[in-house]
Amino acid sequence: QVQVVESGGGLVQAGGSLRLSCAASGTDFPINAMTWYRQAPGNQRELVATITRGGNTNYADSVKGRFTISRDNAKNMVYLQMNSLKPEDTAVYYCKTDFAVLGTSYWGQGTQVTVSS
């Protein structure tokens, strides 16, 4: 049974930083893309950043230059370093892991990030 667990969320003042972590366990199959999404109240879930197994990255325009995604393939972990946080970054952040071999994706339960002004 694959499990995906996010951690690292919390309350921070505007301009501050947080580092989110996501760990996938319960499988030996290789993970392809690992992606961070976020969802604010009343909004649709949106892609924040994604990273391929080979390390290629892509970011939403709203976070470019402030957020950095990275991963550790040996540990099946992905990270999101968030700097210069803004109140509009407040959301629940979710991690999604894609398994090409299995033809499916797994989501974590989310971690709350709140940025106060």
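This structure is a prediction, so every number in the text was calculated from the model and none was measured.

Participant: I'd like to hear about the state of the cysteines, residue by residue, with values.
Facilitator: For the structure shown, the criterion picks out one disulfide. Sulfur-sulfur distance for the disulfide between Cys-22 and Cys-95 comes to 2.1 Å. Measuring handedness by torsion sign, the sulfur bridge of Cys-22 and Cys-95 sits at about -80° and is left-handed. Within this pair, whereas Cys-22 is found in strand E3 (residues 18-25), its partner Cys-95 is found in strand E9 (residues 91-99), the two being separated by 73 residues in sequence. Across this residue pair, the class does not change: Cys-22 and Cys-95 are buried.

Participant: Report on a nonpolar patch on the surface, specifying residues and quantitative values.
Facilitator: A contiguous nonpolar surface patch, about 260 Å² in accessible area, is contributed by Phe-29, Val-101 and Leu-102. With respect to the element layout, Leu-102 can be found in the loop between E9 and strand E10 (104-107). On the basis of relative accessible area, Leu-102 is assigned to the partly exposed category, the value being 35%.

Participant: Talk me through the pattern of salt bridges; I want residue IDs and the actual numbers.
Facilitator: Counted according to the given criterion, the structure contains five salt bridges. Among the salt bridges present, the one from Arg-66 reaches Asp-89, with a minimum N-O distance of 2.8 Å. Of the two residues, Arg-66 is situated in the loop between strand E6 (57-59) and strand E7 (67-72) and Asp-89 in the loop between strand E8 (77-82) and E9; the sequence distance between them amounts to 23 residues. Accessibility assignment for this pair places Arg-66 and Asp-89 in one class, buried. Look at the salt bridges and you will find they share partners, linking Arg-38, Glu-46, Arg-66 and Asp-89 into a network.

Participant: Describe the side chain of Asp-89, naming the residues involved and giving the relevant values.
Facilitator: Overall, the relative accessible area of 1% leaves Asp-89 in the buried class. Side-chain polar atoms of Asp-89 contact the backbone nitrogen of Lys-86, separated by 2.8 Å. Setting aside residues no more than four positions away along its own chain, Asp-89 makes contact with Arg-38, Arg-66, Phe-67, Ser-84, Val-113 and Val-115.

Participant: So what about the nonpolar core? Which residues, and what values?
Facilitator: As a rule of thumb, nonpolar side chains are buried together in soluble globular proteins. Among the nonpolar cores identified, the biggest contains 29 residues, and Trp-36, Leu-80, Met-82 and Tyr-93 are the most heavily contacted of them. When residues of this core are traced back to their parent elements, those giving at least two are E3, strand E4 (34-39), strand E5 (46-51), E7, E8, E9 and strand E11 (111-116).

Participant: Tell me about the environment of Ile-51, and please be specific about residues and values.
Facilitator: Among the secondary structure elements, Ile-51 is positioned in strand E5. Ile-51 sits in the buried class, given a relative accessible area of 5%. If near-sequence neighbours (up to four positions away) are discounted, Ile-51 is found in contact with Asn-32, Ala-33, Met-34, Asn-56, Thr-57, Ile-69, Ser-70, Arg-71 and Val-78.

What counts and what doesn't
Residues numbered from 1 in each chain as written. Predicted model: local features only at pLDDT ≥ 70, side-chain atom pairs only at ≥ 80, totals over all residues. Heavy atoms only, no water. Disulfide = S-S within 2.5 Å. Helix = DSSP H or I, 4+ residues; strand = E, 2+ residues; numbered from the N terminus. Buried < 20%, exposed > 50% of the residue type's maximum accessible area, 1.4 Å probe, protein only. Patch = residues over 30% accessible without salt bridge, like charges linked within 9 Å, V, L, I, M, F, W, Y side chains within 5 Å. Areas by Shrake-Rupley, 256 points an atom, 1.4 Å probe, with all protein chains shown as cover. Salt bridge = Lys/Arg side-chain N within 4 Å of Asp/Glu carboxyl O. Polar contact = N/O pair within 3.5 Å; in protein donor to acceptor, adjacent residues only side chain to side chain. Contact = heavy atoms within 4.5 Å. Core = buried A, V, L, I, M, F, W, Y, C linked by side-chain atoms within 4.5 Å.

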